[in-house]
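Summary of structural features
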Amino acid sequence: MPECVFCKIGSRELQAMVVYEDPDFIAFRDINPMAPVHVLIIPKLHYESLAEFTAKDATLLGRMLLAATHIARQERIAESGYRLVINTGAHGGQAVSHVHMHLLGGRALQWPPG
Ligand code: DGP
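Quick caveat, the model's predicted, so the values are computed rather than measured.

**Here's the deal with the sheet that holds strand E2 (residues 25-29)**
Taken in spatial order, the 5 strands of this open sheet run E1-E2-E3-E5-E4, and their pairing is antiparallel. Bordering the open sheet on either side are strand E1 (18-21) and strand E4 (82-85), each of which pairs with just one other strand. Put simply, the sheet's adjacent strands are angled 20 degrees from each other on average, direction ignored. Across 4 bridges, the pairing between E4 and strand E5 (residues 101-105) is antiparallel. Its bridge partner lying in E5, Leu84 is registered against Leu103.

**Description of the packing of aromatic side chains**
Considering all chains together, one arrives at 2 aromatic pairs under this definition. Seen from their ring centres, Phe6 and Phe28 are 5.3 Å apart, and the 75 degrees between their planes marks the pair as edge-to-face. A residue pair is termed long-range when its members are at least 10 positions apart, and Phe6 in helix H1 (residues 5-10) and Phe28 in strand E2 qualify at 22 residues. There is no split in this pair, since Phe6 and Phe28 are both buried. Aromatic side chains Tyr47 and Phe53 sit 4.3 Å apart centroid to centroid with 15 degrees between the ring planes, which places their arrangement in the stacked category. A relative accessible area of 10% places Tyr47 in the buried class. On the basis of relative accessible area, Phe53 is assigned to the buried category, the value being 13%.

Procedures and definitions
- Residues numbered from 1 in each chain as written.
- Predicted model: local features only at pLDDT ≥ 70, side-chain atom pairs only at ≥ 80, totals over all residues.
- Heavy atoms only, no water.
- Pairing = 2+ DSSP bridges.
- Helix = DSSP H or I, 4+ residues; strand = E, 2+ residues; numbered from the N terminus.
- Axes fitted to C-alpha atoms, helices over the stretch in contact; angles between N-to-C directions.
- Phe/Tyr/Trp six-rings, centres within 6.5 Å; stacked < 30°, edge-to-face > 60°.
- Buried < 20%, exposed > 50% of the residue type's maximum accessible area, 1.4 Å probe, protein only.

Listed below in structure tokens is the structure:
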């Protein structure tokens with residue numbers, strides 16, 4: 001998926017403010033932050049959305065959550081709290097067709113979202 005902007009960030013072809021990387025994931029600051037801490041966590045492998053995941057991806061999905069908890073500690077928002085969001089499909093508000101998890105924190109977030 002060479003035209004995918006998040007694949008290009010994952011392969012370091014495009015620059016981003018990377019806060020975490022391991023062999024399977026990369027996390028970087030959102031270009032349009034909605035909170036003082038707004039990080040996107042993506043698998044380097046291309047999945048269009050969460051809807052593509054199956055049972056064989058359960059470990060990868062679990063590790064994505066664990067990466068988020070690690071980054072939350074690193075960003076010093078683990079104690080104050082944070083929100084993880086995976087927008088999925090048109091009604092979910094997904095704009096980029098490469099699965100990504102938003103990590104938002106650093107201020108009190110409203111609920112429910114609009
Ligand atoms: P979503 O609506 O869940 O698909 O959110 C996509 C997010 O991705 C949005 O908050 C803006 C961010 N984004 C889009 N393109 C780029 C980019 O090239 N670099 C970075 N850092 N963030 C991007």
